[in-house]
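# Topology and contacts: notes
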Amino acid sequence: MPDVTEQLRRYGEAVGEVANAGSGGPDELGKQTGTGRWRWPAAAAAVLLLGIAAALAVSWSADPGDSGVEVDTAGETGGSLFGSPTDAVLVFSDGYDGVLTLDVDAGVAARRILEGERAGDQPFRLTVVDNELVVGWGEIHAVPLDGSDPHLVTEATIYVPAAEPGEIWAFDYSGGRIGDGDLTVRRVDLNGNVTFSTEDFDTNQGWPLLGVPGGLAVATDSGIAVWDAATGSIGETFGSERPAAAASDGTRLAWCEQGCSTVRTVELGQSGPATPQHRATDQAPRFSPDGQQLAFAVEEANGTAVKVRNLDTGTDTVIADALSGSVALEWDPRGQQLFFTETQPDDGTITEVGRYDVDARTTATASVSLQGALTTGSFVVLSKDDAGVLLSDELSPSEACSPPTVFPSLREGVCAFPLESRRQATTPNSSPSTTVLSQEVSGDWRTLPSTLGSGTELSPFAVPLDEDRVLLLRLENGGNDVAGEIIDLAAEASQPIAPSPLLWRAFPMVAWTGEEVIVAGGSNGPGIDVAGAAYNPSTDSWRQIAEPPGFMPGRSENQAVGPGVWTGATVISWQSGLAYNPDSDSWSEIEPFPLAPRMDEAVTAFFGGVFVWGGCNVDLVPNCDDSREAALDDGAIYDPSTDEWTALPPSPLSGGAGTVAVDATAEGKIIVAVPHPSDPNDATVAAFDTTTMQWELLPDLPNEAGKRASAMVWTGNDVIIWGGYGETYERETDAGFQLDLDSDSWRPLSDGGRARHGHTAIWTPHGLLVAGGSPTSTPVLFTPGDP
Amino acid sequence: MEAKEDPGFGDFVAEVRPRLVRAFVSCRGVDGAADAAAEALAYAYENWERVREMENPGGYLYRVGQSRTRPRRRPLALPSPSEVELPDVEPGLVPALLDLPETQRIAVWLVHACGWRYAEVAEALDTSESMVGNHVSRALDTLRRRLEVRSDA
């Protein structure tokens, strides 16, 4: 094989031929797409800032702030697992001869034999029916929680929880085993009284999942259906695949598909009481006792996540993620807490117990090592009073007890063991995941007249001048001088503004002061002769402004670069560390940015300050591109009155390129979105309160939203994100979504915009104006209709 | 003299365009290289009086083309040696090239795959010839290590 240099030569020659074969003829000489964006100055400035920041590292440090995360790394024996009382006891079937009861407040685990509990692969092992625990197969027993004697309910092969109060469904095969012999299906109360019986139930048409009012939810090959006991018929099938488990609150049925990546609910034809708490062999969603929320565990790339869906709004909240093994979950009887466990399937060891506090919106977890013949870790939750018989005050002396892993348990009394646990964290409520309502934001799209043409123009500048007029500047302008126009949205007319004295440029500082648009610096590769100018629309005139420090005519470096942010007195370029004062027509240096240099960051003004967050580290990946390792999830705010930067507290968002932010200070917040997150499992939208310096998660961006080079605006009430590249960058999208902060949900904008990336969007009294971008830059206006 | 009046501009394009296209492959890929070259030559057309006097117009126009075209938003992709019918080139060359830091990749590409002089590359990268030498040296070390070949092989 030839040396590398020779291989490079041969390869370069061959690839060059391919590339040249694809190039056009001489007509391409006149092509003026002007899609460039000169990044080197920004990167160079950022690198310079990094050096300064490193020099200041001793005197400056990020204040971690109150992240809401409290970590106790010390192992504890006994004592509360979660640090605050729960008044809840978790009861697990041990899959052998009894139950393991976990008092999470006392940090004690106890084992006790239950009459009728026996090993086997029955679908339901533990159900709470009228304050009694129902267990067993072959012989179904009930164990009163008030300490009364256990009793036989009925002889049946298996049982299934019923929605009818105090009753269960008994499935009895004449051969004693599932599928062996004739089947008789009965509904019986806990005294064994039969309230319904049939021999016509055909499990081939539908396998019983659980009881619902008037019948049974059954799994079919293609979905889920309801068997009506009164008619003996199976109704309409819902879903797209055979479900493994289901839940019912008496009015709705919920089940999972595709590892719970899809959770479906359907209204039941008959309503009635909720199906009681039960412990099955399969995972299933869990309705809260008030029917307002649905908890479910979903398998994701980094493990299993536990989510809670608000059934009114459809909003999902991630309360825990990255769990391994089998995850089970259950609400407490009052619906104030959701408990979940992580169990290792190979040996049945419960390794983590968690609690989500609904009111506090916090999740606490504790590492444990609870061994036993626990097949999946599923459990029921009882109040401490109700579970007294399982914990009992007849505790046996510890020397009389075998460890919880040894069977059988003591027949008399209860063996309790202080539980060694490690409280891990109390984390703030993590991200509500995506909720997209089907009801779109209706409105009209219309193309606006433009004197500037429709050629590609990345990131033009646009600002509303009054109720009707918008000023639009093309800065790269296809390689021609900077040019602009004023579009009258009411008259649907456009007028060019006075010619500018500026050569085209990419990435300049541009900001509207309320009187003028300041355009300064930037880069155009060949070099810039005039550093900057200001346009005044009231006089339709330009004035040349002072040169920024270090400006050298004909070169791109050492100049101010965008973005520019107007803070009320000066235009700030955080990238360059410069401020321009239009009153004095002078420049000054500002305190250097204290964090890593970056691009594709989210920048916005707020209350006279500058907010900078995210982007990607240009020291690691100079051109950013699609790099995920360089994604940044930190930021800082700049106060021009003190010339100081303050680091933001750790954010709950994923880092990622293409971050955008809008000033929603009418709501006291800055809203940040990460359309291209470095970790797809992390949150993508949050609001930052610059007053309290705290983050608040918002629903994730819809999957269909643009991934890069999209634009986000604040309407005064809502956030809209529109356009950008799709997931693969193969094509631009015309998808737009509006986030309603009242309902924490996204709604799609009606179709009609023209797909593009790299555009600018602003909110006007006439609606959403989208201008510039590629492959078209034609301005369009979306005027919302009635809500 | 403007480009449209100068017969020499056509000769310039005929000479420079293939070189630019080949050079842009390293940062814009095969698909984007022609566009970047077209942008650069459009600039040359408009500014012919200035460009014609340049010592290294290729390097300068490389910078122009790079700044006038959209940076990559997708990972750079290059055809494998087999796709361009080069049995004597290691299949691992392309992934090794793509893994290089961008400046090193462009430098080694321009010098060894395009045959550019250090002075032209220095103009293109807006750096010194010695820095070009550093980038090329480091890139070759990395490529040889990745491909496990020796210069005397």
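Predicted model, so just to flag it, every value in this text is computed and none were measured.

## As for the sheet that holds strand β34 (residues 461–464) of chain A
Strand pairing in a sheet is mediated by backbone hydrogen bonds. Such pairs are either parallel or antiparallel. Residues and elements named next belong to chain A. The antiparallel open sheet is built from four strands, whose spatial order is β34-β35-β36-β37. Each edge of the open sheet is held by one strand with a lone partner, namely β34 and β37 (493–496). The sheet shows a mean angle of 20 degrees between the axes of neighbouring strands, taken without regard to direction.

## Description of the packing of aromatic side chains
Residues and elements named next belong to chain A. According to the stated counting rule, one finds 26 aromatic pairs over all chains in the structure shown. Residues Phe124 and Tyr159 carry aromatic rings whose centres are separated by 6.3 Å and whose planes lie at 40 degrees to one another, so their mutual orientation is tilted. Taken together, the residues span a long stretch of sequence, with Phe124 in strand β5 (residues 124–129) and Tyr159 in strand β9 (residues 158–161) at a distance of 35 residues. Considering the side-chain rings of Phe593 and Trp645, the 4.9 Å spacing of their centres and the 80 degrees angle between planes classify their relative orientation as edge-to-face. One end of the pair, Phe593, is in the loop between β45 (586–589) and β46 (598–599); the other, Trp645, is in strand β51 (residues 644–647), and 52 residues separate them in sequence. A single burial state applies to Phe593 and to Trp645, both of which are buried. Of the aromatic side chains, those joined through ring pairs into one cluster are Trp169, Phe171, Phe196, Phe201 and Trp227.

## Side note on the environment of Phe782 of chain A
Residues and elements named next belong to chain A. In this fold, Phe782 is placed in strand β64 (residues 780–784). Assessed through its relative accessible area of 0%, Phe782 is described here as buried. Sequence-wise, Phe782 and Asp751 are 31 residues apart; in three dimensions their C-alpha atoms are separated by 9.7 Å. What Phe782 contacts, discounting residues up to four positions off in sequence, is Val441, Ser442, Gly443, Asp444, Trp445, Leu749, Ser750, His766, Gly767 and Leu768.

## Some remarks on helix α5 (residues 102–113) of chain B
Residue and element names in this part refer to chain B. Most of α5 is tucked away: 10 of the 12 residues are buried. Buried within α5 are the following residues: Glu102, Gln104, Arg105, Ile106, Ala107, Val108, Trp109, Leu110, Val111 and Ala113. One or two positions beyond α5, positive phi appears at Gly115, with a value near 75 degrees.

## Quick word on the packing of helix α1 (residues 4–21) of chain A against α5 of chain B
In contact at an axis separation of 8 Å, α1 of chain A and α5 of chain B are set at 85 degrees when each is read in the N-to-C sense. Judged by the angle between their axes, α1 of chain A and α5 of chain B are roughly perpendicular. Two secondary-structure elements touch here, α1 of chain A through Thr5, Leu8, Arg9, Tyr11, Gly12, Glu13 and Val15 of chain A and α5 of chain B through Val108, Trp109, His112 and Ala113 of chain B. A breakdown of the residues in the contact of α1 of chain A with α5 of chain B according to their chemical character gives six nonpolar, three polar and two charged.

## Some remarks on the environment of Gly250 of chain A
Residues and elements named next belong to chain A. By the secondary structure assignment, Gly250 is in the loop between β17 (246–248) and β18 (252–257). A residue is classified by how much of its surface remains accessible, and Gly250, at 0% relative accessible area, is buried. What Gly250 contacts, discounting residues up to four positions off in sequence, is Pro213, Leu268, Gln270, Ser271, Gly272, Pro273 and Ala274.

## Here's the deal with the nonpolar core
Tyr11 of chain A together with Leu20, Leu61, Tyr62 and Leu110 of chain B are the most contacted members of the largest nonpolar core, which has 59 residues in total. Secondary-structure elements contributing two or more residues to this core are α1 of chain A together with α1 (7–46), α2 (48–51), α3 (57–68), α4 (93–99), α5, α6 (118–125) and α7 (129–147) of chain B. With residues up to four places along the chain from it excluded, the contact list for Tyr62 of chain B reads Leu20, Ala23, Phe24, Ser26, Cys27, Ile106, Leu110, Trp116 and Ala124 of chain B. Ranked by size, the runner-up nonpolar core spans 38 residues in total, among them Tyr159, Leu209, Leu210 and Leu268 of chain A.

## Let's talk about the pattern of salt bridges
Inspection of the entire model under this criterion finds 26 salt bridges over all chains. A salt bridge links Glu257 of chain A to Arg264 of chain A, with the shortest nitrogen-to-oxygen separation between them at 2.9 Å. What makes Glu257 of chain A buried here is its relative accessible area of 2%. Residue Arg264 of chain A is classed as partly exposed on the basis of its relative accessible area of 33%. Among the ionic pairs, Arg146 of chain B bridges to Asp99 of chain B, the shortest N-O distance being 3.0 Å. Remark: Asp99 of chain B occurs in helix α4 and Arg146 of chain B occurs in helix α7; sequence separation between them is 47 residues.

What counts, and at which threshold
Residues numbered from 1 in each chain as written. Chains lettered and ligands numbered in written order. Predicted model: local features only at pLDDT ≥ 70, side-chain atom pairs only at ≥ 80, totals over all residues. Heavy atoms only, no water. Pairing = 2+ DSSP bridges. Helix = DSSP H or I, 4+ residues; strand = E, 2+ residues; numbered from the N terminus. Axes fitted to C-alpha atoms, helices over the stretch in contact; angles between N-to-C directions. Phe/Tyr/Trp six-rings, centres within 6.5 Å; stacked < 30°, edge-to-face > 60°. Buried < 20%, exposed > 50% of the residue type's maximum accessible area, 1.4 Å probe, protein only. Contact = heavy atoms within 4.5 Å. Parallel < 35°, antiparallel > 145°, perpendicular 65-115°, else oblique. Nonpolar A, V, L, I, M, F, W, Y, C, P; charged D, E, K, R; others polar. Core = buried A, V, L, I, M, F, W, Y, C linked by side-chain atoms within 4.5 Å. Salt bridge = Lys/Arg side-chain N within 4 Å of Asp/Glu carboxyl O.

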